[in-house]
Amino acid sequence: MSDAISFRPMTEADLEAVLKIEYAAFSHPWTRGIFADSLKSYDCWLMFEGGQQVGHGVINVIIDEAHLLNITVKPENQGRGLGLRLLEFLMQRALQLKAGECFLEVRASNQAAYRLYERYGFNEVGRRRDYYPAVGGREDALVMACTLID
């Protein structure tokens, strides 16, 4: 990574660029409506490498518990540690918002994401059967949790 990594809050004006990355990264991406609703209620962030938008993330904090709802890195920028940088930033935000623990769901087939979360300190705590839409049916979600430490 040669250029500096920076973050800024997502706005309605960012949705076209966010959707471009989201649709390139996932077979079942979030929709414009989901992101628009998220902007009203959740903590939504963009990640930049230099001047290029390379990712985004969404967390929800209720009282002292965070839920990682979305974390996406542009496919051509994956595999260079940017996902971990984005995850670290979002977990710091959760701490700033007074969360002591974070939960997430990840597709059972998404081993790269699972390893990223494990590397950060998340542990598998459960499974939600048929949680995600998948090609040809449904797919389980693995539920993971992590205690947040400053």
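Residues numbered from 1 in each chain as written. Predicted model: local features only at pLDDT ≥ 70, side-chain atom pairs only at ≥ 80, totals over all residues. Heavy atoms only, no water.

Enquirer: Tell me about the UniProt feature "binding site: acetyl-CoA" (unreviewed entry) in the protein chain, residues and numbers included.
Expert: Within this structure's numbering, the places UniProt gives as "binding site: acetyl-CoA" (unreviewed entry) are Asn 110. With respect to the helices, strands and loops of the structure, Asn 110 is situated in the loop between strand 5 (101-107) and helix 4 (111-120). Asn 110 gets classed as partly exposed once you look at its relative accessible area, which sits at 27%. (UniProt positions renumbered as here; feature names shortened; annotations may be inferred. Helix = DSSP H or I, 4+ residues; strand = E, 2+ residues; numbered from the N terminus. Buried < 20%, exposed > 50% of the residue type's maximum accessible area, 1.4 Å probe, protein only.)

Enquirer: Tell me about the sheet that holds strand 4 (residues 65-73), and name the residues and values.
Expert: With mixed pairing, seven strands are arranged side by side in an open sheet as 1-2-3-4-5-7-6. Each of the sheet's edge strands pairs with one partner strand only, and the pair in question is strand 1 (5-9) and strand 6 (123-134). Averaged over all pairs of adjacent strands, the angle between their axes in this sheet comes to 25 degrees, without regard to strand direction. Summarising the sheet, strand 2 (residues 43-49) and strand 3 (residues 52-62) pair through seven bridges and their orientation is antiparallel. Bridge pairing links Glu 49 to Gln 52 in strand 3. Across the sheet, helix 1 (residues 15-25) touches strand 2, strand 3 and strand 4, and the angle it forms with strand 3 is around 90 degrees. Contacting strand 1, strand 2, strand 3, strand 4 and strand 5, helix 3 (residues 82-96) runs over the sheet at an angle of about 155 degrees to strand 4. (Pairing = 2+ DSSP bridges. Axes fitted to C-alpha atoms, helices over the stretch in contact; angles between N-to-C directions. Contact = heavy atoms within 4.5 Å.)

Enquirer: Report on the nonpolar core, specifying residues and quantitative values.
Expert: In terms of nonpolar packing, the biggest core is built from 31 residues, with Leu 68, Leu 87, Leu 90, Met 91, Val 106, Tyr 117 and Phe 122 touching the most fellow members. Of all the elements in the fold, those that place two or more residues in this core are strand 2, strand 3, strand 4, helix 3, strand 5, helix 4 and strand 7 (137-147). Take this core: its biggest share by element is nine residues, from helix 3. Sequence-distant contacts of Leu 68, that is, excluding residues within four places in its chain, are made with Val 58, Ile 59, Leu 87, Leu 90, Met 91, Cys 102, Phe 103, Leu 104 and Tyr 117. The next biggest cluster of nonpolar side chains, apart from the first, holds eleven residues, and it includes Leu 15, Val 18, Leu 19 and Trp 30. (Core = buried A, V, L, I, M, F, W, Y, C linked by side-chain atoms within 4.5 Å.)

Enquirer: Explain the pairing of strand 6 to me, using residue names and the numbers behind them.
Expert: Taken together, the eight bridges between strand 6 and strand 7 define a ladder with antiparallel strand orientation. When the bridges of strand 7 are listed, Asn 123 appears paired with Ala 145. Hairpin connection between strand 6 and strand 7: a loop of two residues separates the two successive antiparallel strands, and Gly 136 in this loop has a positive phi of roughly 80 degrees.

Enquirer: Could you give an account of the UniProt feature "domain: N-acetyltransferase" (unreviewed entry) in the protein chain, with specific residues and numbers?
Expert: UniProt's feature table lists "domain: N-acetyltransferase" (unreviewed entry) at residues 5-149, given in the numbering used throughout. With 32% helix and 43% strand, residues 5-149 has end C-alpha atoms that lie 22 Å from one another.

Enquirer: Could you give me a rundown of the pattern of salt bridges, with the residues and numbers involved?
Expert: The final tally for this structure, using the stated rule, is ten salt bridges. The salt bridge partner of Asp 14 is Arg 8, with a shortest N-O separation of 2.7 Å. Judged by relative accessible area, Asp 14 falls into the buried class, the value being 10%. Between Glu 139 and Arg 107 there is a salt bridge whose closest N-O contact spans 3.0 Å. Pair noted here: Glu 139 is in strand 7 and Arg 107 is in strand 5, with a separation of 32 residues, a long-range link. (Salt bridge = Lys/Arg side-chain N within 4 Å of Asp/Glu carboxyl O.)

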